[in-house]
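# A closer look at the structure
Here's the letter readout for the chains.
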Amino acid sequence: DDTEVINNTFYKNTHAISAVNAEGGDQYVGNTTVVNNVFYMGPAQGVWQSQYGTHDVYPTTSDYNVYYLQDGTAFYQSGLTALFGWQGLTSGDTHSFETDPLFTNADASDFSLRSDSLLIDAGDSSLTNATTDFVGNSRPYQLSAPDIGAHEYQGYAALSPPETLVNPTKRANT
């Protein structure tokens, strides 16, 4: 069966995802899609693949993901420490990048995006099965590309209309 990991936020997990071809009779994991996710990694390996059994790992699609290595430790299989090494090993994550996602307040479990986050409108726009975010907001916001991660940025808070002055007075300079 196909496995899809789309528009999620992984925050300081020991291991975020392990895509394993675990053979059990005629059943094994394959065709895994990992797209539009944030991997904000703590002090351990975060994303890795492995293989068991006689079948090769089936093609895995991994792209439009953001990786942030908080503590400066390796987080890829084989000791890779940078995204370009992972891209060279897997030929995936062509549109992925490394950056701080700029969450509103991750320490308080608020993983919504700040207005200056590079994850806004940076997701894969060809996906049609992720139409709402973690809290139920429409995805994408205002018909742009979807954001990367679990929360879709909703724009600036609406401003109140300016007050209308009924009898403005002019003050003299004194």
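Let us look at the structure shown here. (Residues numbered from 1 in each chain as written. Predicted model: local features only at pLDDT ≥ 70, side-chain atom pairs only at ≥ 80, totals over all residues. Heavy atoms only, no water.)

This part is about the overall build of the protein chain. Across its full length, the protein chain carries 1 helix and 11 strands. Helices and strands in the protein chain line up, N terminus first, as β-β-β-β-β-β-β-β-α-β-β-β. Looking at the protein chain as a whole, 36% of its 174 residues are labelled buried. In the protein chain, the proportion of contacts linking residues at least 24 apart, taken out of those at least 6 apart, comes to 67%. (Helix = DSSP H or I, 4+ residues; strand = E, 2+ residues; numbered from the N terminus. Buried < 20%, exposed > 50% of the residue type's maximum accessible area, 1.4 Å probe, protein only. Contact = heavy atoms within 4.5 Å.)

All told, the structure shown has 8 aromatic pairs when counted by the stated rule. Considering the side-chain rings of Phe-10 and Phe-39, the 4.9 Å spacing of their centres and the 5° angle between planes classify their relative orientation as stacked. Within this pair, whereas Phe-10 is found in strand β2 (residues 9-11), its partner Phe-39 is found in strand β5 (residues 38-41), the two being separated by 29 residues in sequence. Using a relative accessible area of 0% as the deciding quantity, one classes Phe-39 as buried. Taken together, the ring pairs connect Tyr-11, Tyr-40, Tyr-68, Phe-103 and Phe-111 into an aromatic cluster. (Phe/Tyr/Trp six-rings, centres within 6.5 Å; stacked < 30°, edge-to-face > 60°.)

Moving on to unusual backbone geometry. It is generally the case that most residues other than glycine have a negative phi and that most peptide bonds are trans. The omega torsion of the bond from Arg-139 to Pro-140 falls at -5°, within 30 degrees of zero and hence cis. Of note, Pro-140 is situated in the segment after β11 (110-113). Phi angles above zero are rare outside glycine, and Tyr-64 is one such case at about 55°. Look at Tyr-64 and you get buried, because its relative accessible area is 18%. Despite not being glycine, Asp-121 shows a phi value in the positive range, around 60°. Along the chain, the position of Asp-121 falls in the segment after β11.

Our next topic: the nonpolar core. If you look at the biggest cluster of nonpolar residues, it comprises 12 residues: Val-38, Tyr-40, Val-66, Phe-103, Ala-106, Phe-111, Leu-113, Leu-119, Ile-120, Ala-122, Ile-148 and Tyr-153. Those elements that provide at least two residues to this core are β5 and β11. Ignoring any residue separated from it by four or fewer positions in sequence, one finds Phe-111 in contact with Thr-9, Tyr-11, Phe-103, Ala-106 and His-151. (Core = buried A, V, L, I, M, F, W, Y, C linked by side-chain atoms within 4.5 Å.)

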